[in-house]
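Descriptive structure summary
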Amino acid sequence: MMGSRRKPRLLIAMRKELPEGFFGPPEWARLKAVTDIIPGFPYANVDDPSGAAALAEADILLGAWGAPSLTRERLSRAPRLRMVAYAAASVRTVAPAEFWEASDILVTTAASAMAVPVAEFTFAAIIMCGKDVFRLRDDHRKERGAGGFGSRRGLNLPHLGNHARRVGIVGASRIGRRVIEMLARSKFEIAVYDPFLDAREAVALGAVKMDLHDLLAWADTVSLHAPILPETHHMIGARELSLMADHAVLINTARGWLVDHDALLAEARSGRLRVLIDTPDPEPLPTDSPFYDLPNVVLTPHIAGALGNELKALSDLAITEIERFVGGLAPLHPVREDDLDRMA
């Protein structure tokens, strides 16, 4: 909490194009009501003279993508800093391991706001891939309506459609839980794999807990929502993909880190599985990657997360956290060092 005699000085630190998307007149008005914004923003570089001066003045840092990593050395040049309000999800870049060793600065995250568009995108992808919309769209474009309604592909294929479709969620993260909530309102059967989730918690969410391999063999659609951690690297490899049923769908709106893409390419080339990848590895894929041309693969350019007007939801939550901090109220979404063991 800041003292009542002056407004805290606010440092806005992010890529230079982001403030336009994050802040409109209402957002600026809210920030100016409770803080004194350091001019010359946004500051992505706090090591040049102007950035170093701004960091030295800052009581609060409002950051997003492109914010500087708060190393021990940089913290030594930020004697007044008391809060980092991160208007995105993972705080690992802005608050590395040495940050936690060197300070007791409050850190908040907008991960809960980011979870909303990702979950919505994933739910839509489950529905659309369940009906193989993208391949059927491509076929329809080629045929240009030849044969009329009666020639509609997939009409009698039992692996298409969403009635009682079995969906396996890998990772009961904020996003994974939101996807489960959305699926539970419809006629889906839902299973979840997460080593930190017990069976009763899974049932309360609306799902059945399964081991990873059992889930992969059971599901018609598998959606990945696990964090980037050493133990999740290539958790979906050749063995795991081989367990999935013919015509099953794999959706990745998390990170390419989770999937062995060489093994995935082999399965995709066989035509046995259908795949939607929003976050490949590497990102972006090389221009000559076969993934671009496979009819059973849908590639989207990392758009599941906040996009366009959805950025305002992130800034709204970050500003709310700042307002609460200045007003002496507890944060809504604080991040603590021991949270990092399970966070992306």
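Small disclaimer: the values here were computed from a predicted structure and weren't measured.

Conventions adopted
Residues numbered from 1 in each chain as written. Predicted model: local features only at pLDDT ≥ 70, side-chain atom pairs only at ≥ 80, totals over all residues. Heavy atoms only, no water. Pairing = 2+ DSSP bridges. Helix = DSSP H or I, 4+ residues; strand = E, 2+ residues; numbered from the N terminus. Right-handed = clockwise from strand over helix to strand, strands pointing away. Contact = heavy atoms within 4.5 Å. Salt bridge = Lys/Arg side-chain N within 4 Å of Asp/Glu carboxyl O. Buried < 20%, exposed > 50% of the residue type's maximum accessible area, 1.4 Å probe, protein only. Core = buried A, V, L, I, M, F, W, Y, C linked by side-chain atoms within 4.5 Å.

**Let's talk about the pairing of strand E5 (residues 106-109)**
- Inspection of the sheet shows strand E4 (residues 83-86) paired to E5 by four bridges, in the parallel sense. When the bridges of E5 are listed, Met 83 appears paired with Leu 106.
- Read from E4 through helix H5 (residues 97-102) to E5, the crossover connection turns out right-handed.

**So, the sheet that holds E4**
- Read across the sheet, five strands follow the order E2-E1-E3-E4-E5 without closing on themselves; strand pairing throughout is parallel. Only two strands of the sheet have a single partner each, and these edge strands are strand E2 (36-37) and E5.
- Taken together, the four bridges between strand E1 (residues 9-13) and strand E3 (residues 60-63) define a ladder with parallel strand orientation. In the sheet register, Leu 10 faces E3, and the bridge partner there is Ile 60.

**What to know about the sheet that holds strand E9 (residues 221-224)**
- The parallel open sheet is built from seven strands, whose spatial order is E8-E7-E6-E9-E10-E11-E12. Strands with a single pairing partner mark the edges of an open sheet, and in this sheet they are strand E8 (208-209) and strand E12 (297-299).
- Sheet analysis places strand E7 (residues 188-193) next to E8, joined by two bridges and oriented parallel. From the neighbouring strand, Ala 191 faces E8, where its bridge partner is Val 208.

**Re the environment of Cys 129**
- Tracing the backbone through its elements, the reader meets Cys 129 in helix H6 (residues 111-130).
- Each residue touching Cys 129, except ones within four places of it in the same chain, is listed here: Phe 134, Val 249, Arg 274 and Leu 276.

**Some details on the pattern of salt bridges**
- Tallied over the entire structure, the rule returns 18 salt bridges.
- A salt bridge links Arg 9 to Glu 57; its shortest N-O distance comes to 2.2 Å. In this pair, Arg 9 sits in strand E1 while Glu 57 sits in helix H3 (residues 49-57), placing the two residues 48 residues apart along the sequence.
- Among the residues examined, Arg 9 registers a relative accessible area of 17% and is labelled buried.
- Glu 101 is the salt-bridge partner of Arg 72, the closest N and O atoms lying 3.0 Å from each other. Residue Arg 72 is located in helix H4 (residues 72-76), and its partner Glu 101 is located in helix H5; the two are separated by 29 residues in the primary sequence.
- Since its relative accessible area comes to 42%, Arg 72 is described here as partly exposed.

**What to know about the nonpolar core**
- Within the largest apolar cluster, 55 residues are counted, with the highest numbers of intra-cluster contacts made by Phe 22, Phe 23, Leu 31, Leu 62, Leu 183 and Ile 322.
- The element that contributes the greatest number of residues to this core is H6, accounting for 10 residues.
- Those residues in contact with Ile 322, other than ones at most four positions away along the chain, are Leu 10, Leu 31, Val 34, Thr 35, Ile 60, Leu 62, Met 83 and Ala 85.
- If you look at the next biggest cluster of nonpolar residues, it comprises 31 residues, including Val 170, Ala 219, Leu 241 and Met 244.

**Some thoughts on the side chain of Asp 132**
- Its location among the elements puts Asp 132 in the loop between H6 and helix H7 (133-143).
- For Asp 132, a relative accessible area of 9% gives the class buried.

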